[in-house]
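Analysis of the macromolecular model
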Amino acid sequence: MFVLITYDVNITSAHGAKRLRNVARACLNYGKRVQNSVFEIDVDYGTFLKIKHKLLALIDEEKDSLRIYYLG
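A brief look at the structure comes next. (Residues numbered from 1 in each chain as written. Predicted model: local features only at pLDDT ≥ 70, side-chain atom pairs only at ≥ 80, totals over all residues. Heavy atoms only, no water.)

As for the packing of aromatic side chains
Enumeration according to the criterion identifies 2 aromatic pairs in this entry. A ring pair is formed by Tyr7 and Phe39, whose centres lie 6.1 Å apart and whose planes are at 20°; its orientation type is stacked. Of the two residues, Tyr7 is situated in strand β1 (residues 2–8) and Phe39 in strand β3 (residues 38–42); the sequence distance between them amounts to 32 residues. Ring geometry for Tyr45 versus Phe48: centroids 6.2 Å apart, planes at 35°, classification tilted. (Phe/Tyr/Trp six-rings, centres within 6.5 Å; stacked < 30°, edge-to-face > 60°. Helix = DSSP H or I, 4+ residues; strand = E, 2+ residues; numbered from the N terminus.)

What follows is the structure, given as structure tokens:
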């Protein structure tokens, strides 16, 4: 399963820089950075669900943006 993960974390808010580092670190654990906030990840479905759950727990849904695209 090939997945593209993109994010935009608001670093002007409290703890924003820490969230940004944590999201980037989580993505680096599973995939390859292709741009500053874009990662290519090739994983099985179970690992994909684990990554998705972890990232959703890290971001602030009101201030940040997270996009996950399944590419086949």
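Observations regarding the sheet that holds β3
Read across the open sheet, the 4 strands follow the order β2-β3-β1-β4; overall the sheet is antiparallel. On the outer flanks of this sheet lie β2 (32–35) and β4 (65–70), each paired with one strand and no other. Mean inter-strand twist for the sheet, computed between neighbouring axes without regard to direction, equals 25°. As judged from the 5 bridges shared by β1 and β3, these two strands associate in the antiparallel manner. Bridged to Leu4 within β3 is Glu40. Contacts between helix α1 (residues 16–28) and the sheet are confined to β1, β2 and β3, with β1 contributing the most and set at about 170° to the helix. Its contacts with the sheet put helix α2 (residues 45–58) on β1, β3 and β4, and the angle it makes with β4 is roughly 170°. (Pairing = 2+ DSSP bridges. Axes fitted to C-alpha atoms, helices over the stretch in contact; angles between N-to-C directions. Contact = heavy atoms within 4.5 Å.)

Side note on the nonpolar core
Residues Ile5, Tyr7 and Leu55 are the most contacted members of the largest nonpolar core, which totals 16 residues. Those elements giving two or more residues to this core turn out to be β1, α1, β3 and α2. Apart from the residues lying within four places of it in its own chain, the contact partners of Tyr7 are Leu20, Val23, Ala24, Cys27, Arg33, Asn36, Ser37, Phe39, Ser65 and Leu66. (Core = buried A, V, L, I, M, F, W, Y, C linked by side-chain atoms within 4.5 Å. Buried < 20%, exposed > 50% of the residue type's maximum accessible area, 1.4 Å probe, protein only.)

Details of the side chain of Asp64
Assignment of secondary structure puts Asp64 in the loop between α2 and β4. Side-chain polar atoms of Asp64 contact the side chain of Arg19, separated by 2.8 Å. Apart from the residues lying within four places of it in its own chain, the contact partners of Asp64 are Asp8, Val9, Asn10, Arg19 and Ile59. (Polar contact = N/O pair within 3.5 Å; in protein donor to acceptor, adjacent residues only side chain to side chain.)

What to know about the pairing of β3
Bridging between β2 and β3 involves 3 bridges; their strand directions are antiparallel. Each residue of the ladder has a partner; that of Gln35, found in β3, is Val38.

So yeah, pure geometry; function would need other evidence.
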